[in-house]
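Here is how the chains run, residue by residue.
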Amino acid sequence: MSSSRLLVSLLLLLASAALHAAPAAPPNILFAIADDWGAHAGAYGTKWVRTPHFDRVAREGILFRNAYTPNAKCAPSRAAILTGRNSWQLKEAANHLCYFPPEFKGWGEALAENGWTVGHTTKGWGPGVAKNAAGQPRAMTGKAFNDRKAQPPTSGIGNSDYAGNFDDFLAAASPDKPWAFWYGAVEPHRGYEFGSGVAKGGKKLSDIDRVPAFWPDNETTRHDLLDYAFEIEHFDTHLGRMLAALEKRGLLANTLVIVTADHGMPFPRGKGSAYEYSNHIPFAAMWPAGIAGRGRVADDYISFIDLAPTFTEVAGLAWAKTGMAESPGRSLTDIFRVDRSGQINPARDHVLIGMERHDIGRPGDVGYPIRGIVKGGHLYLENYEPSRWPACNPETGYLNVDASPTKSFILDAHRANPADPFWALCFGRRPAVEFYDLKTDRDCVKNLATTPATAAQRSALKATMETALKAQGDPRMFGQGAIFDRYPHSNNANINFYERYIKGEKISAGWVLPTDFEKAPLD
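Rules of the game
Residues numbered from 1 in each chain as written. Predicted model: local features only at pLDDT ≥ 70, side-chain atom pairs only at ≥ 80, totals over all residues. Heavy atoms only, no water. Buried < 20%, exposed > 50% of the residue type's maximum accessible area, 1.4 Å probe, protein only. Helix = DSSP H or I, 4+ residues; strand = E, 2+ residues; numbered from the N terminus. Polar contact = N/O pair within 3.5 Å; in protein donor to acceptor, adjacent residues only side chain to side chain. Contact = heavy atoms within 4.5 Å. Axes fitted to C-alpha atoms, helices over the stretch in contact; angles between N-to-C directions. Parallel < 35°, antiparallel > 145°, perpendicular 65-115°, else oblique. Nonpolar A, V, L, I, M, F, W, Y, C, P; charged D, E, K, R; others polar. Phe/Tyr/Trp six-rings, centres within 6.5 Å; stacked < 30°, edge-to-face > 60°.

**Q** An account of helix H9 (residues 307-314) is needed here, citing residue identities and associated values.
**A** For H9, a buried count of seven out of eight residues is recorded, marking the element as mostly surrounded by other parts of the structure. Two residues or fewer after H9 comes Gly-316, characterised by a positive phi angle close to 80°.

As structure tokens, then:
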């Protein structure tokens, strides 16, 4: 786009925003976040997942088609949500199971300090340790409301009555103060009750229109996907009850409702990687009094680092007065206030992604560092330590991939046939550079990084990525990336996991199976 066309577009954006100014009274905020849910919902055209309440939020507000987490693991993703900063800007909080640095305040704390009632149910930030400078636990997502329990529909689903806990929060909240509530479900995190999608969800294996190209298409994988879908539906059911509670109290019109997930699905090559199925997340926003139009679909690239600036702006708080560290994120209100679909703000043309240490399971407890950029329907990745195993070492169970029937099937198939292509895609070593055309290869199985025809695109994306990373102070851009491996792991029981396991110590790794461990190194 030429500079003159860009200027015209921005002027039209500003004019439209002025016509659709937000209401004078700050909205309440309901932030609903699932655990390990990829972009699978009825609103996205997924036929084997029923999400009527997520679909309602999209239908009465905005569905975002290009929403990404900067880091596809629970703790670093949620850290980005709360602080508005990318992982490489958060010191220890770049890592999973970390000690969250006291210097980085989150929007939940900032709102509470400025008179808001802030609360959450079940999973807020974590896993890890978050204490202030005095060593006291931080209320990063406000007061916990977890008293209500309910009989779960499967053995894999938690017993929290999320919506009942939200009712308790609403009953406790002052009618004279705005509030923010973090609905933190633990679904569809592993484990699942195998076959529950069919047996209890009324689904059929044939409901799935396609299985991604990096997994075998068989009954095991399809059952696994339908069990995942059934857990998503549990999250959506409680969302529906929360929306109904807001309607009953007359609060829905001036409540900003955002529904999303911390990262992609808990399957091999999903969560814990940096591919489309890892970082691309569902995202819909609804605010009858503050979002222009209904049923809009936004193609702008947005990141979780945009949430903190959004929440502080709608709360009427100047960023400089929140005590929060500077954010490269941008409030989503520019999109909220323009009544049209498509690309709303031409400046929102890319997102940055990456990772450092997730789960341990390599010699020295080191991570698998990646930086990447998604722009124009392309994904460019740099793997800075390609000699390392991306999912952690085979002899310690590929610890950065949760146990699952799909994982077990792929591992067993590889043991029977070392040339198995699915193992190579999900667990094998990766090249230093990867480049994918997401328009024709959403599964990211055709690496175009060595194709001469893509050289100019790759060079341009690399330059854009590294310019932004340097501006954000990424230590890895200045030869200091090893700092992330030196930050302490917060689970003392698993420190030096690899060395201790190899020496014969029996160490618990409850998120994988004993059969996930290879009997010998595969080097």
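So, next bit.
**Q** A description of the side chain of Arg-388 should follow, citing residues and the corresponding values.
**A** Mapping Arg-388 onto the fold places it in the loop between strand S13 (378-383) and helix H11 (405-416). In this structure Arg-388 comes out as buried when scored by relative accessible area, which is 19%. Of the polar contacts made by the side chain of Arg-388, one reaches the backbone oxygen of Gly-367; its length is 2.8 Å. Discounting residues that sit within four places of it in the chain, Arg-388 has contacts with Arg-362, Val-366, Gly-367, Tyr-368, Pro-369, Arg-429 and Asp-485.

**Q** So, the packing of helix H2 (residues 52-59) against helix H7 (residues 219-248): which residues are in play, and what are the values?
**A** Contact geometry of H2 with H7 gives a least axis separation of 7 Å together with a crossing angle of 50°. With respect to H7, the element H2 is oriented oblique. Residues Pro-52, His-53, Phe-54, Arg-56 and Val-57 of H2 form the contact with H7, whose own contacting residues are Asp-236, Thr-237, Leu-239, Gly-240, Leu-243 and Glu-247. Classifying every residue of the contact of H2 with H7 gives five nonpolar, three polar and three charged.

**Q** If you had to explain the packing of aromatic side chains to someone new, which residues and values would you point to?
**A** Scanning the entire structure with this criterion turns up 31 aromatic pairs. Both rings, one in Phe-31 and one in Trp-107, keep their centres 6.2 Å apart while their planes meet at 90°; by these two values the pair is edge-to-face. Here the residue Phe-31 occupies a position in strand S1 (residues 28-34), and Trp-107 occupies one in helix H4 (residues 107-113), the gap between them amounting to 76 residues. Accessibility expressed as a relative area gives 0% for Phe-31, which makes it buried. Relative to Tyr-501, the ring of Phe-497 has its centre 6.2 Å away and its plane inclined at 10°; by these criteria the two rings are stacked. With Phe-497 and Tyr-501 both in helix H15 (residues 497-502), this residue pair falls four residues apart, about one helical turn.

**Q** Can you explain the environment of Thr-141? Please cite residues and give values.
**A** By the secondary structure assignment, Thr-141 is in the loop between strand S5 (128-130) and strand S6 (143-144). On the basis of relative accessible area, Thr-141 is assigned to the buried category, the value being 6%. For the pair Thr-141 and Lys-506, spaced 365 residues apart in sequence, the C-alpha separation works out to 36 Å. Apart from the residues within four sequence positions on either side, Thr-141 is in contact with Leu-82, Val-118, Gly-119, His-120, Gly-124, Trp-125 and Trp-182. A distance of 3.2 Å separates polar atoms of two side chains, one belonging to Thr-141 and the other to His-120.

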